[in-house]
Amino acid sequence: MGWDGRSRLLTERETIAEIQAAAAKVDRTLLMIPGPTAITAEVLAAGARPVLSHSDPRIRTFVAEALARLRNLFDAPAAQPIIAAGSGTLAMDIGLANLIEPGDRVLILESGVFGRRFQAIAERNGAEFLVESAPVGEAVDPDRVRRAIEAYQPKVVTITHVDTSTGVRLDVETLSRIARERDALVIVDGVCSIGGEEFHGDAWGVDVALTASQKAIGAPPGLAIVTVGPRARAARERRRTPFPGYFTDILNWLPVMESYEGGAPGYFGTPAVTLLANLHTALEELAAEPMPQRVARHARIAGAFKAGVAALGLHNVAAPEANANTLTVARMPDGVGDELIDAVRAEGVTIARAIHPELRGNSFRVGHMGICGPAEILTTLGALERGLHRLGQPVAFGAGLGAAQRVLAGAND
Ligand code: PMP
């Protein structure tokens, strides 16, 4: 029973009718954009609790366990993870700004629009930069990177593991080895990869890796996550000039995180306690699936979805050897524009427009990471087939679904 606006006690029947009317308004379209992604009911429910003090023993446990699990997820035993309220862009800002001083050189490996965010952060901090770009859909060439590092002698090399604007995955292991040969610090944007793609922070020589809560980790948006390795911390501690950031200063955050991990609360800025409860459950679910298995699951789903898209005659933007497992960016047929996104939504699935300047209006993006499984990609391919048909495109119904089914069933092996 509830109260209506005039303070009259509603009857049970009226209350049920209200709840049913509200339920009918719930958006039941399937969320298949490359972040934020759909999350499990358990992760969602974890936040449905009274707001707790940030020094409450439950929050202390959530943070301590979340930090330990993040260290495993990034496979970075020597690094200290930081969780701060914010999005992936904050994580990029924290990660890069702490490493650079005015006049320092940054080499940006660009495989889509997100690389340029590192450029903006470098510029704002007075650093110099050089951008090594790949043509749209291709990975940056390691030989060109080696030559650029030798000629430019950067202090920091930035790598976008998976660029969400092109669907291109870079070979972090090779690129960071090349950077390390010349003693450069390596920062990796793993916003669209960590939790879905293979990643070994320490073994690959990554000094700072970062992500956010809303993609392959499977938690709601709102938390920035950064791991700080020993060389990165030393670079911050050895600065010659004062660090201009305040909220973004890792020296404000590292002691707080270390304190939580030691069992005591810490405080710098009020933590997003409710989101921490969501994140804690998401990481618990993540830890229950061994990482190699999780990566293989993402690869299988990606393989099936991309095969389905190709069977519909739609071109995958990323070259096969650089095609990410967390999302697909594909060209729309000639003569079809963003109305395809609306048509697919009318068939029950939300997919995303392209954001890269060369792909805007002629491509679409689908995320398949986190909790995404066969049911979601088959539903999406079905909606894509019907959406194309709605727009008058010739469609061999079942072609995309059939190709995906064969991959999922291992029938091509
Ligand atoms: N890097 C990559 C690769 C991304 O995909 C995104 C977000 N789509 C960001 C950085 C920025 O993250 P956020 O939108 O959470 O600030």
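Relevant structure appears above.
Overview of the structure.

Reading the values: rules and limits
- Residues numbered from 1 in each chain as written.
- Predicted model: local features only at pLDDT ≥ 70, side-chain atom pairs only at ≥ 80, totals over all residues.
- Heavy atoms only, no water.
- Near = heavy atom within 4 Å.
- Polar contact = N/O pair within 3.5 Å; in protein donor to acceptor, adjacent residues only side chain to side chain.
- Areas by Shrake-Rupley, 256 points an atom, 1.4 Å probe, with all protein chains shown as cover.
- Nonpolar A, V, L, I, M, F, W, Y, C, P; charged D, E, K, R; others polar.
- Pairing = 2+ DSSP bridges.
- Helix = DSSP H or I, 4+ residues; strand = E, 2+ residues; numbered from the N terminus.
- Buried < 20%, exposed > 50% of the residue type's maximum accessible area, 1.4 Å probe, protein only.
- Contact = heavy atoms within 4.5 Å.
- 1 Å grid on protein atoms, 1.4 Å probe; cavity = no way out; pocket = protein on both sides within 12 Å on 5 of 7 lines; lining within 4 Å.
- Points joined across faces, edges and corners; volume = space filled by probe spheres on them.
- Axes fitted to C-alpha atoms, helices over the stretch in contact; angles between N-to-C directions.
- Parallel < 35°, antiparallel > 145°, perpendicular 65-115°, else oblique.
- Left-handed = near helix turned anticlockwise from the far one by under 90°.

1. Describing the site of the ligand
Here is step 1 of the chain: Taken together, Ser-87, Gly-88, Thr-89, Met-92, Phe-114, Arg-117, Val-162, Thr-164, Asp-189, Val-191, Gln-214 and Lys-215 make up the full set of residues adjacent to the ligand.
Here is step 2 of the chain: Contacts to the ligand include Thr-164, whose side-chain N or O atom sits 2.3 Å from an oxygen atom.
Here is step 3 of the chain: In the environment of the ligand, an oxygen atom lies 2.8 Å from a nitrogen or oxygen atom belonging to the side chain of Gln-214.
Here is step 4 of the chain: When isolated, the ligand has an accessible area of 380 Å², and the protein chains bury 86% of it.
Here is step 5 of the chain: Considered class by class, the residues forming the shell around the ligand number four nonpolar, five polar and three charged.

2. Digging into the sheet that holds strand β14 (residues 363-367)
Here is step 1 of the chain: Strands sit in the order β11-β14-β13 across an open sheet of three strands; the sheet is antiparallel. Looking at the sheet topology across the chains shown, the edges are occupied by β11 (327-331) and β13 (352-353).
Here is step 2 of the chain: Note that β13 and β14 share two bridges and pair antiparallel. Paired with Arg-353 across the two strands is Phe-364, which belongs to β14.

3. Topic: the side chain of Asp-104
Here is step 1 of the chain: One can find Asp-104 in the loop between α4 (88-97) and β3 (105-110).
Here is step 2 of the chain: In this structure Asp-104 comes out as buried when scored by relative accessible area, which is 11%.
Here is step 3 of the chain: Residue contacts for Asp-104: discarding those within four places in its chain leaves Leu-99, Ala-127, Glu-128, Lys-155 and Arg-240.

4. A closer look at the layout of surface pockets
Any empty space left between atoms is shown by rolling a water-sized probe over those atoms.
Here is step 1 of the chain: Volume-wise, the largest pocket comes out at about 300 Å³.
Here is step 2 of the chain: In terms of lining residues, the largest pocket is bounded by 17 residues, among which Arg-169, Leu-170, Asp-171, Val-172 and Glu-321 are the most central.
Here is step 3 of the chain: Mapped onto the lining of the largest pocket, the elements with two or more residues apiece are α7 (172-181) and α11 (291-311).

5. Quick notes on the packing of helix α6 (residues 142-152) against α7
Here is step 1 of the chain: The N-to-C vectors of α6 and α7 enclose an angle of 20°; their axes lie 10 Å apart at closest approach. Classified by the interaxial angle, the pair formed by α6 and α7 is roughly parallel. Between α6 and α7 the crossing geometry is right-handed. Of the residues in α7, those touching α6 at Pro-142, Val-145, Arg-146 and Ile-149 are Thr-174, Leu-175, Ile-178, Ala-179 and Glu-181.
Here is step 2 of the chain: For the contact of α6 with α7, the per-class residue count stands at six nonpolar, one polar and two charged.

6. Regarding the pairing of strand β8 (residues 185-189)
Here is step 1 of the chain: Of all five residues that make up β8, five are buried, and the element is covered over most of its length.
Here is step 2 of the chain: Taking every second residue as pointing to the same face, both faces of β8 are buried, with Leu-185, Ile-187 and Asp-189 on one and Val-186 and Val-188 on the other.
Here is step 3 of the chain: Bridge count between strand β5 (residues 156-160) and β8: five bridges; the pairing is parallel. Residue pairing across strands places Ile-159 opposite Val-188, the latter belonging to β8.
Here is step 4 of the chain: Bridge count for β8 against strand β9 (residues 208-212) is three bridges, and the pairing is parallel. Paired with Asp-189 across the strands is Leu-210, a residue of β9.

7. A word on empty space enclosed by the protein
Here is step 1 of the chain: Scanning the model with the defined rule gives four cavities of 30 Å³ or more in all.
Here is step 2 of the chain: Of the pockets and cavities examined, the largest cavity occupies roughly 120 Å³.
Here is step 3 of the chain: Ile-83, Trp-253, Met-257, Pro-271 and Leu-276 are the residues nearest the centre of the largest cavity, which is lined by 16 residues in total.
Here is step 4 of the chain: Contributions of two or more residues to the lining of the largest cavity are made by β2 (80-85) and α9 (250-261).
Here is step 5 of the chain: When residues of the lining of the largest cavity are assigned to their parent elements, the largest contribution, four residues, is made by α9.
Here is step 6 of the chain: Of the residues in the lining of the largest cavity, the class split is 14 nonpolar, two polar and no charged.
Here is step 7 of the chain: When its volume is computed, the second largest cavity comes out at roughly 50 Å³.
Here is step 8 of the chain: Surrounding the second largest cavity, 13 residues form its lining, Ala-76, Ala-79, Val-206, Asp-207 and Thr-227 being those nearest its centre.
Here is step 9 of the chain: Of all the secondary structure elements, the ones that give two or more residues to the lining of the second largest cavity are β9 and β10 (223-228).
Here is step 10 of the chain: Looking at the lining of the second largest cavity, its residues break down into eight nonpolar, three polar and two charged.

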